[in-house]
Amino acid sequence: MADPYAWLTPALKTIHRAQWHRTVQTVAGKAGPVVELGGQRVINFASNDYLGLAGDERLITAAIAATAAYGTGSTGSRLTSGHRQLHQDLERAIADLKQTEEAIVFSSGYLANLGAIAAVVGPRDGVMGDRYNHSSLKMGAKLSGATVYEFPHGDLAALTQLLQEHRHQYRRCLITTDSVFSMDGDLAAVPELLAIAAQYEAMLLIDEAHGTGVFGPHGAGVVEHFGCTGQPLIQVGTLSKALGSLGGYVAGSAELIDFLRNRAPSWIYTTGLSPADTAAAKEAIALLHREPQRRAQLWRNVDTAKQILSQSFPLLPSASPILCAQLHSPAQALDLAAQLRHGGIWVPAIRPPTVPTSRLRFSIMASHDANHFQQLKQGIGSLSPRAKGKEQC
Ligand SMILES: *Cc1c(COP(=O)(O)O)cnc(C)c1O
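Rules and cut-offs
Residues numbered from 1 in each chain as written. Predicted model: local features only at pLDDT ≥ 70, side-chain atom pairs only at ≥ 80, totals over all residues. Heavy atoms only, no water. Helix = DSSP H or I, 4+ residues; strand = E, 2+ residues; numbered from the N terminus. Rg over C-alpha atoms; globule rule 2.2 N^0.38 Å. Buried < 20%, exposed > 50% of the residue type's maximum accessible area, 1.4 Å probe, protein only. Contact = heavy atoms within 4.5 Å. Areas by Shrake-Rupley, 256 points an atom, 1.4 Å probe, with all protein chains shown as cover. Lys, Arg positive; Asp, Glu negative; His and termini not counted. Charge placed at Lys NZ, Arg CZ, Asp CG, Glu CD. Pairing = 2+ DSSP bridges. Axes fitted to C-alpha atoms, helices over the stretch in contact; angles between N-to-C directions. Parallel < 35°, antiparallel > 145°, perpendicular 65-115°, else oblique. Left-handed = near helix turned anticlockwise from the far one by under 90°. Nonpolar A, V, L, I, M, F, W, Y, C, P; charged D, E, K, R; others polar. Domains from an automatic or database assignment. Buried area = accessible area lost by both parts, 1.4 Å probe. Salt bridge = Lys/Arg side-chain N within 4 Å of Asp/Glu carboxyl O. Polar contact = N/O pair within 3.5 Å; in protein donor to acceptor, adjacent residues only side chain to side chain. Near = heavy atom within 4 Å. Patch = residues over 30% accessible without salt bridge, like charges linked within 9 Å, V, L, I, M, F, W, Y side chains within 5 Å.

### Describing the overall build of the protein chain
Broken down by element type, the protein chain carries 15 helices and 14 strands. Since a compact globule built from 393 residues should have a radius of gyration of about 21 Å, the 22 Å found for the protein chain is in line with a globular shape. Dimensions of the protein chain, computed from C-alpha atoms along their principal axes, come out at roughly 60 × 55 × 55 Å. Relative to its full complement of 393 residues, the protein chain shows a buried share of 52%. For the protein chain, the proportion of contacts with a sequence separation of at least 24, taken over those separated by at least 6, is 70%. By element, 55% of the accessible surface of the protein chain is carried by carbon and sulfur atoms, the whole surface being about 17,500 Å². Across the protein chain, 34 positive and 32 negative side-chain charges occur, with their mean positions spaced 6 Å apart.

### As for the pairing of strand 3 (residues 40-44)
One ladder, built from four bridges, connects strand 2 (residues 34-37) with strand 3; its direction is antiparallel. Counterpart to Glu-36 in the pairing with strand 3 is Arg-41. Counting the residues between successive antiparallel strands, the hairpin from strand 2 to strand 3 contains two residues, one of them, Gly-38, with a positive phi of roughly 55°. Pairing of strand 3 with strand 12 (residues 345-346) involves two bridges; the strand directions are parallel. Within the sheet, the bridge partner assigned to Ile-43 lies in strand 12 and is Ile-345.

### A short note on the packing of helix 12 (residues 293-310) against helix 14 (residues 370-381)
Interaxial distance between helix 12 and helix 14 falls to 10 Å at its minimum, and their mutual angle equals 15°. In terms of axis orientation, helix 12 runs roughly parallel to helix 14. As helix 12 runs across helix 14, the sense of the crossing is right-handed. Counting all contacts with helix 12, which are made through Asn-301, Thr-304, Ala-305, Ile-308 and Leu-309, the residues of helix 14 involved are Phe-373, Leu-376, Lys-377 and Ile-380. Partitioning the contact of helix 12 with helix 14 into residue classes produces six nonpolar, two polar and one charged.

### Concerning the domain arrangement of the protein chain
Looking at the protein chain, the domain boundaries give domain 1 (26-55 + 292-392) and domain 2 (57-290). At the junction of the two partners, domain 1 supplies 28 residues and domain 2 supplies 29 residues. Together domain 1 and domain 2 conceal approximately 2,100 Å² of surface at their shared face, both sides included; 57% is due to carbon and sulfur atoms. On inspection of domain 1 and its partner domain 2, the count reaches two salt bridges. A salt bridge links Lys-30 to Glu-57; its shortest N-O distance comes to 2.7 Å. Connecting domain 1 to domain 2 are 12 residue pairs in polar contact (both at pLDDT 80 or more). Elements that contribute at least two residues to the side of domain 1 that touches domain 2 include exactly helix 12, strand 11 (322-326) and strand 14 (359-363). Per-element accounting of the side of domain 1 that touches domain 2 gives the leading share, five residues, to helix 12.

### Brief notes about the sheet that holds strand 2
Neighbouring strands of a sheet are bound in pairs by backbone hydrogen bonds; such pairs are parallel or else antiparallel. Sheet architecture is open: four strands sit in the order 1-2-3-12, paired in mixed fashion. Each of the sheet's edge strands pairs with one partner strand only, and the pair in question is strand 1 (27-28) and strand 12. Seen against the sheet, helix 13 (residues 330-342) touches strand 2, strand 3 and strand 12 and runs at an angle of roughly 115° to strand 3. Lying over the sheet, helix 14 contacts strand 2, strand 3 and strand 12, oriented at roughly 100° with respect to strand 3.

### Things to note about the site of the ligand
Surveying the vicinity of the ligand reveals 15 residues, the closest of which are Gly-109, Asp-207, His-210, Thr-238 and Lys-241. The side chain of His-210 places a nitrogen or oxygen atom 2.8 Å from an oxygen atom of the ligand. One nitrogen or oxygen atom from the side chain of Ser-240 is found 3.0 Å from an oxygen atom belonging to the ligand. In the complex, the protein chains occlude 85% of the 380 Å² of accessible area that the ligand would expose alone.

### Concerning a nonpolar patch on the surface
A contiguous nonpolar surface patch, about 370 Å² in accessible area, is contributed by Tyr-5, Trp-7 and Leu-8. Examined against the element boundaries, Leu-8 turns out to sit in helix 1 (residues 8-17).

### Quick look at the packing of helix 3 (residues 85-98) against helix 11 (residues 275-290)
Close contact between helix 3 and helix 11 brings their axes to 9 Å; oriented N to C, the two are set at 30°. Comparing the axis directions of helix 3 and helix 11 gives the class roughly parallel. Both helix 3 and helix 11 take part in a crossing whose hand is left-handed. Touching Leu-86, His-87, Asp-89, Leu-90, Ala-93, Ile-94 and Leu-97 of helix 3 are Pro-275, Thr-278, Ala-279, Ala-281, Lys-282, Ile-285, Leu-288 and His-289, all from helix 11.

### A few points about the sheet that holds strand 9 (residues 234-238)
Spatial ordering of the open sheet is given by 4-10-9-8-7-5-6, a layout of seven strands whose pairing is mixed. Where the open sheet ends on each side, the last strands, each with one partner, are strand 4 (102-106) and strand 6 (147-151). Across the sheet, the mean angle from the axis of one strand to that of its neighbour is 20°, orientation sign disregarded. Where strand 4 and strand 10 (residues 248-252) come together, five bridges link them in antiparallel fashion. Counted as the bridge partner of Ile-104 is Val-250 from strand 10.

Structure below.
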């Protein structure tokens, strides 16, 4: 009898051969700028916890209090037994932050994209997405059954041409984009995208996963940063990055949110967000308002990190706390990440197929301090020029 799972061995070999193989690493201790990895204390440049809220005592207290009051699980879909006042309060807080009529929370940002996209477009429609979009935007488009087009990263002329050629073939069109591109750190041109969407009567979905809490005078995101608050948009995001919790959301018009409550399968057929996650996210949004100095510190830290990194590496163009050192190969990325890790600096090597070219991806946090940056400088200074690939430049 042939083993129906025999294909796994060669499939894994292929992944190894391309140096694409990944494994998990166990992090010990509380989330923060310094964590323990394999028994070693390391400065954390790998986290999405931009404001340092995931380990904040006030979020922890809120999560514990909600667990004590309501229990550990939500026990059912929001449409059956799983809806709490706490959920409604969080949705109100998100809508107020985003200045939208309403918001709806999902169990993750990934599920928010799957649900929103599959709800608003279908087989008679078209989706035009940036090639560098997050996996959840691409999977959502696929799941919807719409015809999917990708345009080269940030290429608005190519997007316009796609709409010019194909808009008439479809009932509806949806343009999708990250607001901060998660593996590069550059921003989507939101005002220009809005103008193109309006011109072709297309919907525009902006994924603010790395924007919320980080950009804009109130931390509402890149939409606020560009002064596009109040425009007709589908704004998606996560509670799991700058907000330090777990979950995702869609913010928009009352009609859009009402429609999603009726048509988004990844919201209808899944359990409501846990009381702990909901309460922690709500507390995080309150802190965005009360402690704008966290955002200010984050941006000062981004400048410091940029100065240090750019002395040794060509950096990808970035306007965010995501700073990428461009490298030549997956092997070089792995080698440098291992050397830095040895020196107490934790930074992930990002390789194909996640991105087209290998890189070290530094995520800067508001809670990194002068000592952490001093260690970063030393760690990078002690890398051999050969490992940095200088001789090839
Ligand atoms: C992280 C991320 C998501 C997924 O959010 P989760 O809450 O972690 O599921 C979606 N979109 C983008 C652009 C992201 O970076």
